[in-house]
Amino acid sequence: MTSATHRSAEEIGRTAQGPRPLPPLGEQRVAGDLSHVDTTLSNGLRVLAVRKATVPMVEARLWIPFAGDDALHPATAEVLAETILTGTARRNRIDIDTELALIGGDIGVGVDPERLVLTGSALAAELPTFLDVLADALTGATYADEEIAREKERLVERIAVSRTQPRTIAREALQKHRYGDHPATREVPRAEDVAVVTPEQVRALHQASVQARGSVLVLVGDIDPGGVIGELEKVLGAWASDRSAVRLPALPDLTGPSVLLVPRAGAVQSQIRLSAQTVPRTDPGYAALQLANLAYGGYFSSRLVENIRENKGYTYSAHSGFEFTDDTAVVNVDADTATDATAPALLETRYELGRLGQVPPTGDELESVRQYAIGSLLTSTSSQAGLAGQVLALASTGLSLEWLNEHPARVAAVTAEEVADAALKYFAPKRFTGVVVGDAAVLERKLLALGDVEVGEPA
């Protein structure tokens, strides 16, 4: 294509009279009412079944609180998550994989210090078979010695690689700085701990902690919400115990403003991780806080991104967002920078925190983040999988589908004054603590000159 026939994006966006005006935003749609049932089975399992018949599929999300304070718990939990679907008294690994494949289904398992999560999907017409496979794993997983040995070898290799990644190192440093020895900090087990986990320990952990009472199952898809409850009572009836799933102890509140420089000799990049206490979704002020966060760093057109990415080129990616753990909520600020740009990036990050409170978003900026908040929520729940994930996130903190349906209206009603108050209250620089992981030989003098920075032990 020659220059005579090709127009640049800038040329396309302009006319002889000046820039082309952008078309107005369309009226924001609201989520339709979703037929659903929210109930608790006789075994103590909370179930949210939601009809969303966009495709003939069903999405399943099972959330089991899975905390533990034993030193080997993180390693044992990882091995359990890797092997819970490798065989039961009724099915071996191949049987499970084949049966799921024949119904267009799959099940994945993940674990962290807070929960064990089983995520799956299947053809809606084959939901009884899917639930039977799921129930079989929950009540009859055998954890055969050879399966444990095989998965341990893979885990050890993956953990060794993970622990060399800068983002993993930074996350672990942040967790320890925020919460000390709290069980929540043990997100990646040590490879040497995984190596000594025995099949007996995995079976014992399943028996003690894979509990229905206190857990949440979400089903979203082409289903009859009322009718599926009877099927669940029948299929999951044997998954019962007097015990309840184990929740994490409450997290301590964060206090600022100290930022810890974690030395990583020779690193060519630094990881900036800041964090401050906020309020959970259940708080009346959450909607205003959400908009304040978006204006600061919560989407691509935010102030932080414009400053340290677009204007100054300090980082390729900068972001702020919420992290929810039970009833606790924090806002995190993340940026990865070249070593030479680390101190200026931290300075500008703090500057934008202070500016948000002193010069809060108004007018077009506020309406932009409002439209983004409502639109992104509706987009994220437009698919069965997205809706299942959102419902699970809410249900795990005790909320219901009604919260999701009502939240766009709450966001739409937030005033500029409420956003300004949230910005001043929750985004003050003095409230943020965190870490900077990088080459201390280059960074220490410059970071200490900024103030509220201490030097810690090497990563």
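Residues numbered from 1 in each chain as written. Predicted model: local features only at pLDDT ≥ 70, side-chain atom pairs only at ≥ 80, totals over all residues. Heavy atoms only, no water.

Q: Give a description of the UniProt feature "domain: Peptidase M16 N-terminal" (unreviewed entry) in the protein that names residues and reports values.
A: In the UniProt entry, the feature "domain: Peptidase M16 N-terminal" (unreviewed entry) is given for residues 76-187. When the span residues 76-187 is considered, its composition is 57% helix and 13% strand, and the gap between its end C-alpha atoms is 12 Å. (UniProt positions renumbered as here; feature names shortened; annotations may be inferred. Helix = DSSP H or I, 4+ residues; strand = E, 2+ residues; numbered from the N terminus.)

Q: So what's going on with the pattern of salt bridges? Which residues, and what values?
A: Two side chains with opposite charge may pair up if their charged atoms get near one another. Enumeration over the complete set of coordinates arrives at 33 salt bridges. Ionic pairing is found between arginine 158 and glutamate 82, a salt bridge with its closest N-O pair at 2.8 Å. Of this pair, arginine 158 sits in helix α5 (residues 145-162) while glutamate 82 sits in helix α2 (residues 73-83), placing them 76 residues apart in sequence. For glutamate 99, the salt bridge identified is with arginine 91, shortest N-O distance 2.8 Å. According to the relative accessible area criterion, glutamate 99 is partly exposed, its value standing at 25%. Relative accessible area serves as the criterion here: at 7%, arginine 91 is assigned to the buried category. Within this structure, Arg90, Arg91, Glu99, Asp132 and Asp136 form a network of salt bridges that share partners. (Salt bridge = Lys/Arg side-chain N within 4 Å of Asp/Glu carboxyl O. Buried < 20%, exposed > 50% of the residue type's maximum accessible area, 1.4 Å probe, protein only.)

Q: So what's going on with the sheet that holds strand β10 (residues 269-277)? Residues and values would help.
A: Read across the sheet, six strands follow the order β11-β12-β10-β13-β9-β14 without closing on themselves; strand pairing throughout is mixed. Looking along the sheet, the strands with just one partner apiece sit at the ends: β11 (315-325) and β14 (453-455). Each strand of the sheet is rotated relative to its neighbour by a mean of 20°, with strand direction disregarded. Bridging between strand β9 (residues 259-263) and β14 involves three bridges; their strand directions are parallel. In the strand pairing of β14, leucine 260 is matched with glutamate 454. Most of the contacts of helix α17 (residues 440-450) go to β9, to which it runs at about 165°, and overall it touches β9, β10, β13 (433-438) and β14. (Pairing = 2+ DSSP bridges. Axes fitted to C-alpha atoms, helices over the stretch in contact; angles between N-to-C directions. Contact = heavy atoms within 4.5 Å.)

Q: How would you sum up the environment of alanine 208? Please name residues and give values.
A: Of note, alanine 208 is situated in helix α8 (residues 199-209). As a C-alpha pair, alanine 208 and serine 244 span 36 residues in sequence and 9.0 Å in three-dimensional space.

Q: If you had to explain the UniProt feature "domain: Peptidase M16 C-terminal" (unreviewed entry) in the protein to someone new, which residues and values would you point to?
A: Residues annotated in UniProt with the feature "domain: Peptidase M16 C-terminal" (unreviewed entry) correspond here to residues 197-371. Counting secondary structure, residues 197-371 comes out at 40% helix and 24% strand; the distance between its end C-alpha atoms is 50 Å.

Q: So what's going on with α17? Which residues, and what values?
A: Turning to α17, its buried residues are Ala440, Leu443 and Leu447. Seen along its axis, α17 keeps its buried residues to an arc of 75°; they face one direction. Projecting away from the buried face of α17 at angles above 90 degrees are the exposed residues Ala441, Arg445 and Ala449. At the N-terminal end of α17, a side-chain oxygen is found 3.2 Å from the backbone nitrogen of alanine 441, two or three residues along, and the residue is aspartate 439. In the stretch just after α17, glycine 451 is the one whose phi turns positive, near 90°. (Arc of directions from axis to C-beta. Polar contact = N/O pair within 3.5 Å; in protein donor to acceptor, adjacent residues only side chain to side chain.)

Q: So what about the packing of helix α3 (residues 93-102) against helix α4 (residues 127-140)? Which residues, and what values?
A: In contact at an axis separation of 10 Å, α3 and α4 are set at 160° when each is read in the N-to-C sense. As far as their axial angle goes, α4 and α3 are roughly antiparallel. When the axes of α3 and α4 are compared, the crossing they make is left-handed. Residues Ile96, Glu99 and Leu100 of α3 pack against Thr129, Phe130 and Val133 of α4. Tallied by class, the residues present in the contact of α3 with α4 amount to four nonpolar, one polar and one charged. (Parallel < 35°, antiparallel > 145°, perpendicular 65-115°, else oblique. Left-handed = near helix turned anticlockwise from the far one by under 90°. Nonpolar A, V, L, I, M, F, W, Y, C, P; charged D, E, K, R; others polar.)

Q: Can you tell me about the sheet that holds strand β5 (residues 57-65), naming the residues and giving the values?
A: Taking strand neighbours across the sheet as the criterion, the six strands line up as β3-β4-β8-β5-β7-β6 in an open arrangement whose pairing is mixed. Each edge of the open sheet is held by one strand with a lone partner, namely β3 (36-40) and β6 (106-111). Strand after strand, the sheet turns through a mean of 10° between neighbouring axes, direction not considered. In the sheet, β3 pairs with strand β4 (residues 46-51) via five bridges, with the strands oriented antiparallel. Residue histidine 36 lies in a different strand from β4, and its bridge partner there is valine 50. Along the sheet, helix α9 (residues 225-235) makes contact with β3, β4 and β8 (216-221), crossing β4 at roughly 145°.

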